[in-house]
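Below, each chain spelled out in residue letters.
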Amino acid sequence: IAIMNAGAVEPLLVLASTGSAEGSREAARALRVLAMSENKHILSALVLSVQPLVQLLASDDAEGKKVAARVLSILADNDNNHILIEQAKAVEPLVQLLITGDMEGKRLAACALGNLGRSYDNIRKVIVDAGAVKLLVELLSSEDIASMRPAAWALGNLAGSIENNMMMVNAGTVERLVLLLRSGDIVGKGAAARLLCILAKDITDHRPSIVHVEVMELLVQLLRDGDNEGKSWAAEALGKLACDLGFNQNVTGNVVTALVQLVASGDSRGKKEAARALSSFALSDNNKVLIVHAGAIEPLNCLLEAEDIEGKRWSVITLNNLATNDGNKTLMERAGSIGPLVKLVSSEDVECARCAVNALSILTVNNISRIMIVSSMAVEPLVQLLKKEGIEEKACVAKLLIQLAVNEDIKMTISRAGAVQPLIELLRYENTTCKGTAARALSCLTGIDDNSINLVQAGALEQLVQLLRAHESDDRGIAAKVLSKLAEKPDNHVAILCAGAIDPLVQLLTAADEDENIFAARVLTSLAVSDDLRNVIVSAGAVKPLVQLLRSRDVLGQGEAARVLSRLACSTHMKIVIECALAVQPLVRLLIIGNVDGKNWAADTLCSLAKFNNDNRMAILHAGALEPLVQLLKTGNVRGKGLAARAFYYLTRNSDDNHIDMLSCVGVIELLVELLSIEDVEAERWAMWALISLAGNTEIKKKMIRARAVEPLVRLLSAVSAEDKGAAARLLGSLGEFDCGQIMQARGVEPLVQLLGVEDIEVKDNAARALSILASSDSNRNAIASAGAVAPLVLLLEAGFTQRKESIEALANLALSEQNQIAIATAGAVEPLVRLLGIGSAGQKRVAARAIGNLALNEENQSNISNARAVDPLVQLLRSGDIEDKALAARALYNLAVNTVHHNAIMHAGALVTLVELLSTGNIDGKIWSARALTCLAITDEINIAIVDAGAVSSIVQLLGGEDPDGKGVATEALISLGSYNNSRIAIADAGAVDPLVQLMVEGDVMNKRRAVRALGILSVNDDNKILLAKAVRPLVQLLGAGDYEIKILAAETLSSLATNDENRVIIADTGALEPLVHLLCTEHADGKEMAANALHSLIRNSDNQIAIERAGVVVPLVKLLTTGDATQKMVAVSVLSYLSVNDDNVVAIGVAGAVGPLVPLLSCANPDGKRWAARALSCLVKIEDNKISIARAGAVEPLVLLLSATDNKARLWATATLCHLAQNNDENKIEMLRAGVAVPLVQLLNIEDHQCKNEAAMLLCILTTHQNNKNIFVSIGAVEPLVRLLSTGNVKGRRLAAMALGNLAGSDDNRTIILRAGAVEPLLVLLRTGNYEEQIQSAWALGNLAVTANNNIKLSLNEVEALVHLLRIGHDEGMGMAAWTVGHLAVNNDNKIALVNLGAVEPLVHLLSIGDAEGKSNAVWALDKLAYNNDNIKMIIERSKAKWLQERTCQTDQFMRASSGMPRMA
């Protein structure tokens, strides 16, 4: 201290760092001496010397190194200096000193490294990595005992890891330690024992190499002779080697004795280590007795009351281990171990308390020990210990409580001490063992109701659920047991589910332990009381392990599994039922081999499985369940029979006929019928339901009726139970589907009707359903209504009975009877039915629509239904209902739409668009009824257009192309209705209706063929469709020849329409239609005649067809039709004959057939067309002379004349043409015409626009004006002016005939004057100048006649003269003669004479004298005479004619007169 205080440390440090080698060494020595002081101030000051010491250590000074190593060793004895020394890089030179130093240096280096390696793992790693272990082991192997001790000490500090320990063992450390134990001093032996203790802790594989007799003896020797530290280390080493030492009984005995002596007489640490070692030795059963016989109990009990906590702890542990021997337990009880152990429970040291609890737990082997523990007031401190933090302590306490709680008194004591709550808390710990122990304790206490409530409220469920997943089977089982007790109360179900218990419970079902299986199954059984819980259980995969449990040999397990499955299979969730189907096979097996309850449970479960799942039913049937179920039905108890009947009910639903037939063959029907009379409600009920299910088969129904099922069922209608009444009604309804007569004979209607008035809705439901089924038979409807069913059924509707639809169905079926329709409506059914349409359920709306549709079959009801505003909800149902609803709504609307009064309401409700939509989206019934409704509505063009615009046509065409015959027919009717509108016909054709209509016409039944032909006929009205319909011609012609009469008529009508197209006329004729049309024309049926005639009328417009038609023999029947047919037929016949008559070859045949007589009256018929066609035909027939006479005699003149005044120009034309032929060369006819007043209408015809009519009128006028009297008549009524206009405005023929007529009319001076005043000359001259040959002739004729009067001084232009001369030259005889006659008259004018002569008129006139006929020659003489006005002309004429005109022998007076009149001038 004085040296330090004098300030020597700092210069010593400087000298150590910078001095010479000797100076540094001596400075280090001085520092070492100072370091030997325990004064903290000195040691703190010396810390600064680390760096120079390390430098010295790394120097070449051997002595200096040793001094530095010694000082560093002293400094390293303080853990706070370790990091500083390591950071100064002291480890490497120290390790190097182990290699290069002398023995003292190595020993000092080992001490320094040992001190450095005792604190930090990273420093130990640096030392080990520097290779110190091997060097230390080598040092341990030296002969120097003094060096072995620090080596062992250092190795002991470095042996902190398994890796280091293995390195030491592999380097031969153990053998050197044995040497040290044998030869070392007391400290060295302690160090060796310490290192052996450390090595034995982790390297268990090397314990056999450590444990041998010599080592044990050396340790025992140390245990006896060593100092206290050595004894302690020896005891600890022996404790760690105890498990291997136990194999040598002799060695173990010596060790135990020495350890017991140490417990009794050692110091505190020695007792503790001895007790610890004894606890290890006490793990061996052999050693337990040995230790007790060595007298260990009393010193251990003494140690329990010592002050040393660890000593107490190891004493308790040793007693724990010793107490596992039953004999030792008794000795310990006698030695008074329980009292101090109970006291130790209250120790502040948790470990001691825990060990005490463990000891008490082990000692609790009988009621005496339990009473002793409880009497020692152990419960309260045990509960208090439960509330402390130590997990293991809590577990130990819980375990002890389990052992103590063997009777109700102790349980109550434990509960009152407040053990439940901390036990629940213990369940929340992570330690699974603790949880399991707590669960066991709680299991013991859950028999008390308050405890059960506390468990749930305190949240124990979650912890119990976690414990279900524990590794220990016992823990899982006990947790399941606790949960099974808690699950017995339904109030706990949701909490258990929320705690997540299902999954681990399901896993427990597969555990090897039967208790786990059973308790888990019991929990699931208690929980599976609702669909939601069942769903959770099945989703957790419970079914498969339950099935495995069902297949096990454990009777209890099978029972519990069956119970759970029976609960699960009750679920309405299909997934659950399907999962449970895995149990079918073992359940069927149980049904065969089980006891009474087992069979019943199996049957019950099979019922539930088959309830809603058809696949399960099939699986049960295929598993062979029928035969054992039949046996159960025969021999089971009442419940078993009822369950068997229930099973048959579920299994036979949707089952194939084979299984049903098999049941029938084995007498099930009879057994079930017998069961109807048993005095058990359930059995009767399920017997009825089974029979209901089986009643779907006709043969089964026969067996039921033969088994006299109807009578007991009728009796059951009066049963006490409402459910039985309902089932009986239901079964009667089912039987009624086959044979209603038996029910009627058994007087079942009246009680069924009575059931409609009971309170129970289900009974009403089934009664209404039964009556509905009975009412499906026509013969029963009136009887049911007579029994008073209508009023209560309607009353049910009015009373708000809206939960069932059966009453509505019954009314709907009853309404199929006309007699009942009024009664149902009168009873007030319409309004509630309409309300149901609006507010009812989907099923009610559907049946209400059906009922209203049936009621609407009555016309009176239609108004009531409409007034009740049924249309709007029907349309709404049409929009929003399902497919069947829409069909029924459409049907009801159709029945209403049959009466046009309701059309506005239906249209206003917007039904049209919805009906059109149904055409494309509905089922076949919906499509049919919507098409029918639209057909009824389409009575106006506006609605027709709306239907088409809504897109109905394509849907109707699709229906037409479908497979349903009714659909085809209805679609065709709809197309017929829509086809009344032109655009509709186009849309129908564009939608592709032609092909399916043609197909229907070929392949359909008679009615559909008729519809198809009619539809095609309507489509053919449109010209654009006629070409498309050409493909229909051949089948139409086939029907025309081979169809029934109505089809023939329709085919003829359609062909008639198609034949308005030119191409179709040819196709129809080529296809062979003419002959069958003629045959149809020859029938006695008026319609057939008319349609055939119409078709022929259309076909005959083709000229080629005219001859073919005549050759087909059509003339005679047509003529006959003119006589015998009605007005329409006559019209068609006359039209055909008119066309035929156009062909000259046909005219004779028509005339020969006597057509003239019946044609003439048609000229006066009321039909303008008839008049026209008759006139046309007569205009052709009149061309034959015989026919002309016949026509005139038949009185045709007057009606023909009247026809001239018609508005039909064609009629006028053909009438005029006929009159022309009649007047030609027949004065009588002319007179008759004039008498009939032909003049005025004839002149009127000259004023119309039609050129043909004007031409024919002019022609007739020409013919009639050949008589002078007639000329004056026509002139007087104004014929001249229109004729003059015709000269300018008419066509070629008109101009020619006008000129001819004017020429005829110019027969008197007065007429000529009128004609001239009318301005006829100029257009006649124009015609003469520019017209064709015929026009020139007639104009010349007219001009000549006009020039007869001298006053008519008509002067010709040079062009006109040239034209007249040209006519003289080129004309034929009549023309030249006419020209010559005209020249003679025009030559009155001198200018004309000159011009005619100059332009060469003389030569052609002279030529005419040679070639002309008599009239021509006469006219030529007359003209030459007029031209001989001077000598030059006379001379020229004589020269050129060479007096030929004088040489002609004139045989006619006029010629002679004309010739003689010119002689004077010639002379």
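Residues numbered from 1 in each chain as written. Predicted model: local features only at pLDDT ≥ 70, side-chain atom pairs only at ≥ 80, totals over all residues. Heavy atoms only, no water.

1. With respect to the overall build of the protein chain
At step 1: Regarding its fold elements, the protein chain presents 107 helices and zero strands.
At step 2: In terms of C-alpha radius of gyration, the protein chain reaches 69 Å, well past the compact-globule figure of 35 Å for 1467 residues.
At step 3: Each principal axis of the C-alpha distribution contributes one length, and for the protein chain these read about 215 × 110 × 45 Å.
At step 4: Sequence-distant contacts, at least 24 apart, represent 69% of the contacts inside the protein chain between residues at least 6 apart.
At step 5: Only carbon and sulfur atoms are counted for the fraction: they give 49% of the accessible area of the protein chain, which is about 59,900 Å².
At step 6: When the 139 positive and 165 negative side-chain charges of the protein chain are each reduced to one mean point, those points stand 2 Å apart. (Helix = DSSP H or I, 4+ residues; strand = E, 2+ residues; numbered from the N terminus. Rg over C-alpha atoms; globule rule 2.2 N^0.38 Å. Contact = heavy atoms within 4.5 Å. Areas by Shrake-Rupley, 256 points an atom, 1.4 Å probe, with all protein chains shown as cover. Lys, Arg positive; Asp, Glu negative; His and termini not counted. Charge placed at Lys NZ, Arg CZ, Asp CG, Glu CD.)

2. Here's the deal with helix H82 (residues 1103-1111)
At step 1: Regarding H82, the residues found buried are Asn1105, Gln1106 and Ile1109. One side of H82 carries all its buried residues, which in axial view fall inside an arc of 110°. Of the exposed residues in H82, those oriented more than 90 degrees away from the buried face are Asp1104 and Arg1111.
At step 2: Tucked inside the fold, the buried residues of H82 contact helix H79 (1062-1070), helix H80 (1074-1081), helix H81 (1086-1099), helix H84 (1127-1140) and helix H85 (1144-1152). (Buried < 20%, exposed > 50% of the residue type's maximum accessible area, 1.4 Å probe, protein only. Arc of directions from axis to C-beta.)

3. Description of the layout of surface pockets
At step 1: Looking at the largest pocket, its volume works out to about 430 Å³.
At step 2: What lines the largest pocket is a set of 19 residues, among which Arg149, Pro150, Trp153, Val187 and Ala191 lie closest to the centre.
At step 3: Ranked by the residues each element gives to the lining of the largest pocket, the list is headed by helix H15 (residues 186-202), at five residues.
At step 4: Considered class by class, the residues forming the lining of the largest pocket number eight nonpolar, four polar and seven charged. (1 Å grid on protein atoms, 1.4 Å probe; cavity = no way out; pocket = protein on both sides within 12 Å on 5 of 7 lines; lining within 4 Å. Points joined across faces, edges and corners; volume = space filled by probe spheres on them. Nonpolar A, V, L, I, M, F, W, Y, C, P; charged D, E, K, R; others polar.)

4. Here's the deal with the packing of helix H66 (residues 883-897) against helix H69 (residues 924-937)
At step 1: Between H66 and H69, whose axes approach to 8 Å, the crossing angle comes to 25°. With respect to H69, the axis of H66 lies roughly parallel. The crossing of H66 and H69 is left-handed. Contacts between H66 and H69 involve Ala887, Ala890, Arg891, Tyr894 and Ala897 from the first element and Asp925, Gly926, Trp929, Ser930, Arg932, Ala933, Cys936 and Leu937 from the second.
At step 2: Split into classes, the residues belonging to the contact of H66 with H69 amount to eight nonpolar, two polar and three charged. (Axes fitted to C-alpha atoms, helices over the stretch in contact; angles between N-to-C directions. Parallel < 35°, antiparallel > 145°, perpendicular 65-115°, else oblique. Left-handed = near helix turned anticlockwise from the far one by under 90°.)

5. Observations concerning the packing of helix H9 (residues 103-116) against helix H12 (residues 145-158)
At step 1: Relative orientation of the contacting elements H9 and H12 amounts to 25°, with a least axis distance of 8 Å. When the axis of H9 is compared with that of H12, the two are roughly parallel. Seen from above, H9 lies across H12 with left-handed handedness. Residues Met103, Arg107, Ala110, Cys111, Gly114 and Asn115 of H9 form the contact with H12, whose participating residues are Ala146, Ser147, Pro150, Ala151, Trp153, Ala154 and Asn157.
At step 2: Taken together, the residues that form the contact of H9 with H12 break down as eight nonpolar, four polar and one charged.

6. Describing the nonpolar core
At step 1: Judged by nonpolar contacts, the single largest core of 514 residues is most densely connected at Leu219, Leu874, Leu1140, Leu1159, Leu1219 and Leu1283.
At step 2: Leu1159 has contacts with Leu1122, Val1134, Ala1174, Ala1177, Leu1178 and Leu1181, leaving out every residue within four places of it along the chain.
At step 3: Core analysis: the next-biggest nonpolar cluster, separate from the first, contains five residues, Leu12, Ala27, Leu31 and Leu34 among them. (Core = buried A, V, L, I, M, F, W, Y, C linked by side-chain atoms within 4.5 Å.)

7. Details of helix H23 (residues 297-304)
At step 1: Summarising burial for H23: six of the eight residues are buried, a large majority.
At step 2: Residues Ile297, Pro299, Leu300, Asn301, Leu303 and Leu304 constitute the buried set of H23.

8. Thoughts on the environment of Leu632
At step 1: By the secondary structure assignment, Leu632 is in helix H47 (residues 626-635).
At step 2: Among the residues examined, Leu632 registers a relative accessible area of 7% and is labelled buried.
At step 3: In sequence terms Leu632 and Gly962 are 330 residues apart; their C-alpha atoms lie 53 Å from each other.
At step 4: Beyond its immediate sequence surroundings of up to four residues, Leu632 is in contact with Leu591, Asn600, Ala603, Gly640, Lys641 and Ala644.

9. Structural notes on unusual backbone geometry
At step 1: For Arg708, which is not a glycine, the phi torsion comes out positive at approximately 65°.
At step 2: Mapped onto the secondary structure, Arg708 falls in the loop between helix H52 (698-706) and helix H53 (710-716).
At step 3: Of the residues examined, Arg708 reaches a relative accessible area of 60% and is grouped as exposed.
At step 4: Phi is positive for Asn1225, close to 60°, though the residue is something other than glycine.
At step 5: With respect to the secondary-structure elements, Asn1225 resides in the loop between helix H90 (1209-1223) and helix H91 (1227-1235).

10. A short note on the confidence of the model for the protein chain
At step 1: Overall, the predicted model of the protein chain reaches an average pLDDT of 82, with 92% of residues at or above 70.
At step 2: Taken as a whole, residues 1448-1453 scores under 50 in pLDDT and shows five contacts with residues more than four places along the chain or in a different chain. (pLDDT = per-residue confidence, 0-100.)

11. Describing the side chain of Ser1135
At step 1: Within the element layout of this structure, Ser1135 appears in helix H84.
At step 2: Exposure remark for Ser1135: the relative accessible area of 3% places this residue in the buried category.
At step 3: If we skip the residues at most four places from it in the chain, Ser1135 touches His1097 and Trp1173.

12. A closer look at the packing of aromatic side chains
At step 1: Within the structure shown, the criterion is met by eight aromatic pairs.
At step 2: Geometrically, the ring pair formed by Tyr649 and Trp689 is tilted, given 5.5 Å between the ring centres and 55° between the ring planes. Taken together, the residues Tyr649 in helix H48 (residues 638-651) and Trp689 in helix H51 (residues 681-694) connect sequence positions 40 residues apart.
At step 3: For Tyr649, a relative accessible area of 12% corresponds to the buried category.
At step 4: For Trp689, a relative accessible area of 16% translates into the label buried.
At step 5: Residues Tyr1139 and Trp1173 carry aromatic rings whose centres are separated by 5.4 Å and whose planes lie at 40° to one another, so their mutual orientation is tilted. One end of the pair, Tyr1139, is in helix H84; the other, Trp1173, is in helix H87 (residues 1168-1181), with 34 residues separating them in the sequence.
At step 6: We classify Tyr1139 as buried; its relative accessible area is 12%.
At step 7: A relative accessible area of 10% means that Trp1173 is categorised as buried.
At step 8: Joined through ring pairs, the aromatic side chains of Tyr649, Tyr650, Trp686 and Trp689 make up one cluster.
At step 9: In this arrangement the basic side chain of Arg269 is found over the ring face of Trp233, its NZ or CZ atom lying 4.9 Å from the centre. (Phe/Tyr/Trp six-rings, centres within 6.5 Å; stacked < 30°, edge-to-face > 60°. Lys NZ or Arg CZ within 6 Å of the ring centre and 35° of its normal.)

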